[in-house]
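Here's the letter readout for the chains.
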Amino acid sequence: MEACGRGHTSKKYKKVKGVALISVLVMGIMIALVIGGLYYILTRTTITGERVRVYTSTREAAVGGVNYAVLQIKSGLFDTMDQLGCPTGWTTVGNCCTANIDYRLSGTTETFRNTITICLRGYAPPPGDVVSGVAYSRPQAGGRGYIYSIISEVDGPQGSKSRVEAVWMR
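Visitor: Would you take a moment to explain the pattern of salt bridges for this structure?
Guide: Opposite charge on two side chains permits them to pair, given that their charged atoms come into close proximity. By the definition in use, this model includes four salt bridges. Here D102 and R113 are joined by a salt bridge, their closest N and O atoms 2.9 Å apart. Taken together, the positions of D102 in strand 2 (residues 96-103) and R113 in strand 3 (residues 112-123) put the pair eleven residues apart, joining distant regions of the chain. Residue class for D102 comes out partly exposed when judged on its relative accessible area of 46%. When the shortest N-O distance is used, the salt bridge between R163 and E153 registers 2.6 Å. Placement of R163 in strand 5 (residues 161-169) and of E153 in strand 4 (residues 146-155) is noted, with a sequence separation of ten residues between them. With a relative accessible area of 45%, R163 lands in the partly exposed category. Judged by its relative accessible area of 33%, E153 falls in the partly exposed class.

Visitor: Just checking my understanding: could you explain the packing of aromatic side chains for this structure?
Guide: For any two aromatic rings, the description comes down to two numbers: the centre-to-centre distance and the angle of the planes. This model, assessed by the stated rule, comprises three aromatic pairs. Where F78 meets W90, the ring centres are 5.1 Å apart and the plane angle is 85 degrees; that geometry is what we call edge-to-face. One end of the pair, F78, is in the loop between helix 2 (19-74) and helix 3 (81-84); the other, W90, is in the loop between helix 3 and strand 1 (91-93), with twelve residues separating them in the sequence. Exposure class is identical for F78 and W90. Each is buried. Relative to Y148, the ring of Y146 has its centre 6.1 Å away and its plane inclined at 25 degrees; by these criteria the two rings are stacked. Accessibility classification places Y146 together with Y148 in one group, the buried group.

Visitor: When you look at the state of the cysteines in this model, what are you seeing that I'm missing?
Guide: Each disulfide consists of a covalent bond between the sulfur atoms of two cysteine residues. By the definition in use, this model includes two disulfides. The residue that forms a disulfide with C86 is C97, at a sulfur-sulfur distance of 2.0 Å. Of note, the bridge from C86 to C97 carries an S-S torsion of about -100 degrees and is left-handed in sense. Remark: C97 occurs in strand 2 and C86 occurs in the loop between helix 3 and strand 1; sequence separation between them is eleven residues. Here C86 and C97 have matching classes, each one buried. Here C96 engages in a disulfide with C119; their sulfurs sit 1.8 Å apart. Disulfide C96 to C119: torsion about the S-S bond roughly 105 degrees, handedness right-handed. Note that C96 is positioned in strand 2 and C119 in strand 3, a separation of 23 residues in sequence. Taken individually, C96 and C119 each receive the classification buried, so the pair is uniform in this respect. Numbered by position along the chain, the disulfide-linked cysteines of the protein connect as 1-3, 2-4.

About the criteria used
Residues numbered from 1 in each chain as written. Predicted model: local features only at pLDDT ≥ 70, side-chain atom pairs only at ≥ 80, totals over all residues. Heavy atoms only, no water. Salt bridge = Lys/Arg side-chain N within 4 Å of Asp/Glu carboxyl O. Helix = DSSP H or I, 4+ residues; strand = E, 2+ residues; numbered from the N terminus. Buried < 20%, exposed > 50% of the residue type's maximum accessible area, 1.4 Å probe, protein only. Phe/Tyr/Trp six-rings, centres within 6.5 Å; stacked < 30°, edge-to-face > 60°. Disulfide = S-S within 2.5 Å.

The analysis is restricted to geometry; functional conclusions fall outside its scope.
Right, here's the structure in full:
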């Protein structure tokens, strides 16, 4: 009765009965670790992508603030800034004009703030004059040759902030 075909006896299998259970448990733990690692990598990648998306949106809003300021300057709104001060809707801060523009990112309902500052820094030389490295102090007709500095500071979602500075000559 001890013989189980081909010369194997039940006594030989008594030594290896727990090996199958242990190998299944070890394989299960290894598979769980691999799945956990993949999950960790996936969530980290998603979080990093979200941060990049948020900062990119905030930076684009700051660039949009600079573009808005350039359009205002090109329209002639700041041509008399040196004599009359800031145009209507802009606040005077020192020798600069500041405006706060609220904006909203697409797909969100939250409103964020873009602070735009335009400062008149000087005057460029008339055409044909030699530039000595210093801006001239006499304006030209129609606001030509005015040199402005533009700063756009944006507060965005998730505490992100962006600042873009530019110099513009009309």
